[in-house]
Amino acid sequence: MNQLPALDHRIVWLDVIRAVAMLMVIGVHCIDPFYISPTLGVIPEYTHWAAIYGSLLRPSVPLFVMMTGLLLLPVKQQPLGTFYKKRIFRVLFPFLIWSVLYNMFPWFTGVVGLDKSIIGQFFCYVQGNESQELMDSLKDVAMIPFNFSFKENHMWYIYLLIGLYLYMPFFSAWIERADQKMKRTYLLIWFISLFLPYMAEYISGYLFGTSTWNAFGMFYYFAGFNGYLLLGHYVKKGNDWGIWKTLLICAVLFAIGYYVTYSGFSAAAADPNHTESDMELFFTFCSPNVVLMTLAVFLLLQKVTVTNRIVIKALANMTKCGFGIYMVHYFVVGPFFLLIGPSSIPIPLQVPLMAAGIFLCSWAFTALMYKLMPNKAHWIMG
């Protein structure tokens, strides 16, 4: 692994990747109103920039999964319960607390006398279906053990993360015994599985043994985010390429992935009869185009060197606050869009300005919570 300046034995370039991934996640949510909103989604300029930014930012979540694989695989020898307690409990309690807050927010707006339209302004996925009824909020809270609601749709990642934690000790047992050739073979088969969403759309809904009575086809056991876990573990030592060779290879990989993602999304958006599934098909995280983009970003950022200790400390604090930033940020996406969207700021600048503002506000709030409650904040903010 390339040796970079560290603080408290930190891998600084990994903090850089985490910062980029956080900004990408927030940026992805900033474009939600551009194509989800019933009013903005029919305006060509908004869907055009949704395609540009949405495609550019697709590596967001996969980067986090790759970092998880890099840091945790192979899992250290420890009782299974110890690993689960350390990893799952760390995310479970903040997840439950914030999920309840998001789902109770609509009822609270009614209690303080706000018009229910404020709910759709905060959470664009519920526009046209806003409700301030207590029972509706309580129903959403009761569903938390089973799935997220559209008030906190970013929480889908936490269900995924907990699932990966459950899986990792068993996956790790194979990784410890597998040589590099076996790992490459697994990654190759996984890469083939990434074409399944497109094959299901353009060839047949039932592939490789799947049917109405069987959802587990030939490549099912290699498919999903577990490939990103292994990919992160596999590339943890970086590469021996020089910076210019790395830049060239990563630029080509990213350009290919971006072209497919952008072209596919734009074509779906241009179809007046498109469905939500059509819009998301080329945005699918487990797709070959997104893998190419993610790998390019990861390999390139591994080459970043940070020497300024102030920046290193800031990156370390951002990493400490990272989970809290994720929990909080979706609450302020809507307000920032209300502030910036109707302004005279050109649409191309709105997304980066919103993302930067939301990131800084969420970071400041999380850091303040840690300062005010140094011994308890981790139960709320992660």
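Residues numbered from 1 in each chain as written. Predicted model: local features only at pLDDT ≥ 70, side-chain atom pairs only at ≥ 80, totals over all residues. Heavy atoms only, no water.

*Asks:* Describe the overall build of the protein, with residues and values.
*Replies:* Across its full length, the protein carries 18 helices and zero strands. Overall, the C-alpha framework of the protein stretches about 60 × 55 × 45 Å when taken along its three principal axes. Burial status across the protein gives 50% buried among its 382 residues. At a minimum sequence separation of 6, the contacts of the protein that also span at least 24 residues come to 80%. In the structure as shown, the protein presents an accessible area of about 18700 Å², 68% of it carried by carbon and sulfur atoms. Counting 24 positive and 18 negative side-chain charges, the protein places the averaged centre of each group 19 Å from the other. (Helix = DSSP H or I, 4+ residues; strand = E, 2+ residues; numbered from the N terminus. Buried < 20%, exposed > 50% of the residue type's maximum accessible area, 1.4 Å probe, protein only. Contact = heavy atoms within 4.5 Å. Areas by Shrake-Rupley, 256 points an atom, 1.4 Å probe, with all protein chains shown as cover. Lys, Arg positive; Asp, Glu negative; His and termini not counted. Charge placed at Lys NZ, Arg CZ, Asp CG, Glu CD.)

*Asks:* Let's hear about the confidence of the model for the protein: which residues, and what values?
*Replies:* Of all residues in the protein, 96% attain a pLDDT of 70 or more, and the chain-wide mean is 91. At the low end of the mean pLDDT range in the protein sits helix α2 (residues 32-36), at 77; at the high end sits helix α14 (residues 288-301), at 98. Within the model, the stretch residues 1-7 combines pLDDT values under 50 with 22 contacts to residues more than four positions away or in other chains. (pLDDT = per-residue confidence, 0-100.)

*Asks:* Give a detailed account of the packing of helix α5 (residues 80-111) against helix α8 (residues 156-177), specifying residues and quantitative values.
*Replies:* The axes of two packed helices give the description: the angle between them and the distance between them. Closest axis-to-axis distance for the α5/α8 pair is 10 Å, and the angle between their directions is 175°. Classified by the angle their axes make, α5 and α8 are roughly antiparallel. Along its contact with α5, which presents Leu80, Phe83, Tyr84, Arg87, Ile88, Val91, Leu92 and Phe95, the element α8 presents Ile158, Tyr159, Leu161, Ile162, Tyr165, Leu166, Met168, Pro169 and Phe170. For the contact of α5 with α8, the residue count by class is 16 nonpolar, no polar and one charged. (Axes fitted to C-alpha atoms, helices over the stretch in contact; angles between N-to-C directions. Parallel < 35°, antiparallel > 145°, perpendicular 65-115°, else oblique. Nonpolar A, V, L, I, M, F, W, Y, C, P; charged D, E, K, R; others polar.)

*Asks:* So what's going on with helix α16 (residues 322-340)? Residues and values would help.
*Replies:* Along α16, the sharpest kink reaches roughly 40°, centred on His329. Taken across its 19 residues, α16 has 15 buried, putting it largely inside the fold. (Bend = angle between axes of the 7 residues up to and from the residue.)

*Asks:* Go over the nonpolar core, please, and point to the residues and values.
*Replies:* Membership of the largest hydrophobic core comes to 116 residues, with the highest contact counts inside it found for Val65, Phe123, Tyr157, Ile158, Phe225, Tyr228 and Phe298. Per element, the largest residue contribution to this core is 13 residues, and it comes from helix α1 (residues 12-30). What Ile158 contacts, discounting residues up to four positions off in sequence, is Phe95, Phe323, Tyr326 and Met327. (Core = buried A, V, L, I, M, F, W, Y, C linked by side-chain atoms within 4.5 Å.)

*Asks:* Account for the packing of aromatic side chains, naming residues and giving values.
*Replies:* Applying the stated criterion to the full structure yields 42 aromatic pairs. Measuring from ring centre to ring centre gives 6.4 Å for Trp98 and Phe331, while their planes differ by 65°; the resulting arrangement is edge-to-face. Of this pair, Trp98 sits in helix α5 while Phe331 is found in helix α16, placing the two residues 233 residues apart along the sequence. Phe331 shares its class with Trp98; the two are buried. Both rings, one in Phe105 and one in Phe123, keep their centres 5.7 Å apart while their planes meet at 80°; by these two values the pair is edge-to-face. Residue Phe105 is located in helix α5, and its partner Phe123 is located in the loop between α6 (117-122) and α7 (134-142); the two are separated by 18 residues in the primary sequence. There is no split in this pair, since Phe105 and Phe123 are both buried. Lying over the aromatic face of Phe323, Arg90 brings its terminal NZ or CZ to 5.9 Å of the ring centre. (Phe/Tyr/Trp six-rings, centres within 6.5 Å; stacked < 30°, edge-to-face > 60°. Lys NZ or Arg CZ within 6 Å of the ring centre and 35° of its normal.)

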